[in-house]
Amino acid sequence: MTSTYPTSYYADTVGILAQQASLKGEVSVDVAIVGSGYTGLSAALHLLERGYSVAVLEAHRIAWGASGRNGGQLGSTQREDQESLEARLGKDHARRMWDLAREANRLVRELINRHDIECDLRDGAAHLAWKKSHARSLRNEVDFMERNYPDAGLRYLELEEVRDLVASERYHGGVFDPFGAHLHPLAYALGLARAVLNKGGRVYEGTRVLSREGTKLRTQEGKVNASVVLLACNGYLDKIEPRIAPKIMPLHNFIVATEPLGERARQLIQKDYAVSDSKFVIDYYRRTRDGRLLFGGGETYSTNFPEDIAGFVRKPMLRVFPQLADTRIDYAWGGTLAITMPRIPHFGRIDENVFFAQGYSGSGIHMATLAGKLLAEAAAGQSERFDVLASIRIPDFPGGTLLRYPMLVFGMLYYSLRDKI
């Protein structure tokens, strides 16, 4: 069992929960949840509020995976733009997807307020155009949203506004989202976990699920008998359910935190917003409360992390901020997320009383939190809203789990080259 969290800025700046016992022996509950990230914790919390008994099974520590290591950017939309969703799904279905994404953003904020979670939530997000052609696309997207989804509040940023926002000459325009935000992701996850434990939920750390037979789960030293099982593993699904594994691609993403920069941090990002760009392999960054730049960039598709994560991320960081060439990197870490082919989350059922949600494709904080709520509704027999997402066909990655890595690497090399041209 992993008794400590992977080294990161987040793990060093939050109060870690006391370690929960692993499962030994046999237990029976209404709902068993595999995974203690945002999805699993949100599902547990919403089920407990409905009066269900719940057991959360975690192979490592609570929020040990992407929920405790991500860039901390809270979105307010689906990953795919609304015009594309309308073309793919039709206007009515796309509107329901929009409504769910907005609810997801509100839900995160409501949970933070309701459970007094100290996670440094700060409002505002900017999505910046890496190329002139991207700027034109973003302007068209804002025009479409103003006509069809005026409640989005999106505003196009002219070049002068972008230069006033970030001290970089790499960009050509952008979009401001007033409902976007950023937060301390591990603190948020641990706050959800405290709420689960306070309501009598059971979380078993160091408890890897080895096999499933219907709604019965077997771990290293125990068994769980449940009426309903929720799979909330995302990029850490492993071999728990081979039937849905080909729908997602686990991949690694990497982040650094600089030394404290003092006033220089404010000069890099004038307003305290979360920032991301329009590249296919995106960069994303923000200021921390103690004046560091937290910068994420670069992805790998092998099973291993780079030996020098700091050096790996420093390259894209210096492309954006060459003035940081002599800046010390204090923290460097990586994590595993999961994407789907269309970048839409994958929801569904396996057997009658086994539900899952996965493949958030970089929109995990708000969409995974909402997924937990929708999974709780489905487990309680109210699946109408869950089915809005479950009805979307998500294709397998070409080559299934065996060949998806080499085929995706080939594709990513192509898109990475396009980013550089």
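Note: the structure precedes this text.
Trainee: Please clarify how the overall build of the protein should be interpreted in this entry.
Mentor: Regarding its fold elements, the protein presents 11 helices and 17 strands. Taking 421 residues into account, the globule formula puts the C-alpha radius of gyration at 22 Å, and the protein, at 21 Å, falls close to it. Burial analysis of the protein (421 residues in total) assigns 58% to the buried set. Partitioning the intrachain contacts of the protein with sequence separation of at least 6 by distance along the chain shows that 75% fall at a separation of at least 24. In the form shown here, the protein has an accessible surface area of approximately 17500 Å², with 49% of it arising from carbon and sulfur atoms. Side-chain charges of the protein comprise 53 positive and 50 negative groups, with the mean position of each set lying 3 Å from the other.

Trainee: For this particular structure, what's the right way to read the packing of aromatic side chains?
Mentor: How two aromatic rings sit relative to each other is given by the distance of their centres and the angle of their planes. One pass over the structure, following the stated rule, counts 15 aromatic pairs. For the pair Y10 and W333, a centre-to-centre distance of 5.3 Å together with 70 degrees between the ring planes defines the contact as edge-to-face. Here Y10, found in the segment before β1 (25-34), pairs with W333, found in strand β15 (residues 329-339); they are 323 residues apart in sequence, far enough to count as distant. Each member of the pair, Y10 together with W333, is buried. In this structure an aromatic cluster arises from ring pairing among Y9, Y10, Y331 and W333. In this arrangement the basic side chain of R69 is found over the ring face of W64, its NZ or CZ atom lying 4.4 Å from the centre.

Trainee: I would appreciate a short explanation of the side chain of R61 in the present structure.
Mentor: Among the secondary structure elements, R61 is positioned in the loop between β2 (54-57) and β3 (73-74). We classify R61 as buried; its relative accessible area is 4%. A distance of 3.1 Å separates the side chain of R61 from the backbone oxygen of L17, its partner in a polar contact. At 2.9 Å, the side chain of R61 forms a polar contact with the side chain of E205.

Trainee: Explain the environment of E80 to me, please; I cannot follow it from the model alone.
Mentor: Examined against the element boundaries, E80 turns out to sit in the loop between β3 and α2 (82-89). Excluding anything up to four places from it in sequence, E80 contacts L85, R88, P342 and I344. At 3.2 Å, the side chain of E80 forms a polar contact with the side chain of R88.

Trainee: Is there a simple way to explain the pattern of salt bridges in this structure?
Mentor: Should their charged atoms come close, side chains of opposite charge can pair. Within the structure shown, the criterion is met by 26 salt bridges. Among the salt bridges present, the one from R122 reaches D120, with a minimum N-O distance of 2.9 Å. Here R349 ties to D387 by a salt bridge, and the two come within 2.9 Å at their closest N and O atoms. Of this pair, R349 sits in strand β16 (residues 346-349) while D387 sits in helix α10 (residues 384-390); the two residues are 38 residues apart in sequence, bridging distant segments of the chain. With a relative accessible area of 27%, D387 lands in the partly exposed category.

Trainee: Explanation requested: helix α1 (residues 38-49) in the structure shown.
Mentor: The periodicity of an α-helix, 3.6 residues per turn, causes residues three or four positions apart to be oriented the same way. Between the first and last C-alpha of α1 there are 16 Å, a value that for 12 residues agrees with the 16 Å anticipated at 1.5 Å per step. Those residues of α1 lying buried are Y38, T39, G40, L41, S42, A43, A44, L45, H46, L47 and L48. Looking at the residues trailing α1, positive phi occurs at G51, about 95 degrees.

Trainee: Hey, could you run me through helix α4 (residues 132-148) in this one?
Mentor: Given a rise of 1.5 Å per residue, 17 residues ought to cover 24 Å, and the 25 Å separating the end C-alpha atoms of α4 matches this to within 8%. Listing the buried residues of α4 in full gives H134, A135, L138, V142, F144 and M145. Turning to α4, the residues buried within the fold contact α2, α3 (91-114), β4 (122-128), β5 (155-157) and β6 (174-182).

Trainee: What's the story with the nonpolar core in this structure? I'm lost.
Mentor: Nonpolar side chains tend toward joint burial in soluble globular proteins. Counting residues in hydrophobic clusters, the biggest one holds 85 residues, and the most contacted among them are I33, I62, Y188 and L230. When residues no more than four places from it in sequence are discounted, the contact partners of L230 are V31, A32, I33, V34, A43, L47, F355, L375 and A379. Listed in part, the 27 residues of the second largest apolar core include W130, L293, I309 and F321.

Trainee: Even after reading the chapter, I still don't get the side chain of T39, so can you show me in this structure?
Mentor: Tracing the backbone through its elements, the reader meets T39 in helix α1. For T39, a relative accessible area of 5% puts it in the buried group.

Trainee: Explain unusual backbone geometry here, please?
Mentor: Among all residues except glycine, the phi angle is most often negative; among peptide bonds, the trans geometry is most common. For D120, which is not a glycine, the phi torsion comes out positive at approximately 60 degrees. Mapped onto the fold, D120 is located in the loop between α3 and β4. At N234, a position not held by glycine, the phi torsion is positive, near 50 degrees.

Trainee: Can you help me understand the pairing of β16 in this one?
Mentor: Consecutive side chains of a regular strand alternate in pointing toward one face of the sheet and then the other. Here β16 runs beside strand β17 (residues 354-358); their pairing, made up of 4 bridges, is antiparallel. Bridge pairing in β17 places G348 opposite F356. Hairpin connection of β16 to β17: 4 residues between the antiparallel strands, including D351 at a positive phi of 65 degrees.

Trainee: Quick question: what am I supposed to make of the packing of α1 against helix α9 (residues 364-379) here?
Mentor: A pair of packed helices is captured by two measures, namely the crossing angle of their axes and the spacing between those axes. Two elements in contact, α1 and α9, have axes separated by 7 Å at closest approach and are oriented at 40 degrees. Classified by the angle their axes make, α1 and α9 are oblique. The element α1 and its partner α9 pack so that their crossing is right-handed. Together, Y38, T39, S42, A43, H46 and L47 of α1 and G364, I365, A368, T369, A371, G372, K373, L375, A376 and A379 of α9 make up the contact between the two elements. Residue composition of the contact of α1 with α9, grouped by class: 9 nonpolar, 6 polar and 1 charged.

Trainee: Could you clarify how one ought to interpret the pairing of β15 in this entry?
Mentor: The buried count for β15 comes to 9 of 11 residues, which makes it a mostly enclosed element. Here strand β11 (residues 249-258) runs beside β15; their pairing, made up of 10 bridges, is antiparallel. Looking at β15, one finds that N253 is bridged to G335.

Quick notes on the rules
Once a new chain begins, its residue numbering starts again from 1 and follows that chain's sequence as written. For this predicted model, a pLDDT threshold of at least 70 governs which residues receive local features, and a threshold of 80 or more governs which side-chain atom pairs are given and counted, while totals over whole chains, interfaces and linings are taken from all residues. Computation of side-chain values covers all heavy atoms of the structure but excludes hydrogens and water. We count a stretch as a helix when DSSP gives it H or I for four or more residues in a row; a strand needs E for two or more, and each element gets its number in order from the N terminus. Atoms counted for the radius of gyration: C-alpha only. Globule rule: 2.2 Å times residue count to the power 0.38. Here's how the labels work: a residue is buried when its accessible area is under 20% of the maximum for its type, exposed when over 50%, partly exposed in between, all with a 1.4 Å probe on protein chains only. Residue contacts are defined here by distance: any two heavy atoms, one from each residue, within 4.5 Å place the two residues in contact. In this description, accessible areas are obtained by the Shrake-Rupley approach with a 1.4 Å probe, and a residue is regarded as covered only by the protein chains that are shown. Residues scored as positive are Lys and Arg, those scored as negative are Asp and Glu, and His as well as the terminal groups of each chain are ignored. Lys charges are placed at NZ, Arg charges at CZ, Asp charges at CG and Glu charges at CD. Any pair of Phe, Tyr and Trp rings, taking the six-membered ring for Trp, is counted once the centres come within 6.5 Å. Such a pair is stacked with planes under 30 degrees apart, edge-to-face with planes over 60 apart, and tilted for the rest. Two conditions define a charge sitting above a ring: the NZ of Lys or the CZ of Arg must be within 6 Å of the ring centre, and it must be within 35 degrees of the ring normal. As used in this structure description, the phrase polar contact means that two N or O atoms lie within 3.5 Å; if the pair is within protein, one of them must be able to donate a hydrogen and the other to accept it, and residues adjacent in sequence are counted only when both atoms belong to side chains. Salt bridge criterion: a side-chain nitrogen from Lys or Arg within 4 Å of a carboxyl oxygen from Asp or Glu. For a helix, the expected span equals 1.5 Å multiplied by the residue count minus one. We call a set of buried residues a nonpolar core when its members are Ala, Val, Leu, Ile, Met, Phe, Trp, Tyr or Cys and they connect through side-chain atoms within 4.5 Å of each other. Two strands qualify as a pair provided that DSSP identifies no fewer than 2 bridges between them. To obtain each axis, a line is fitted to C-alpha atoms, and for helices this fit is confined to the stretch in contact; angles are then taken between N-to-C directions over 0 to 180 degrees. Throughout this description, any angle smaller than 35 degrees is read as roughly parallel, any larger than 145 degrees as roughly antiparallel, any in the 65 to 115 degree range as roughly perpendicular, and the remainder as oblique. Left-handed describes a crossing in which the near helix is turned anticlockwise from the far one by less than a right angle; the clockwise case is right-handed. Classification convention: Asp, Glu, Lys, Arg as charged; Ala, Val, Leu, Ile, Met, Phe, Trp, Tyr, Cys, Pro as nonpolar; all other residues, Gly among them, as polar.

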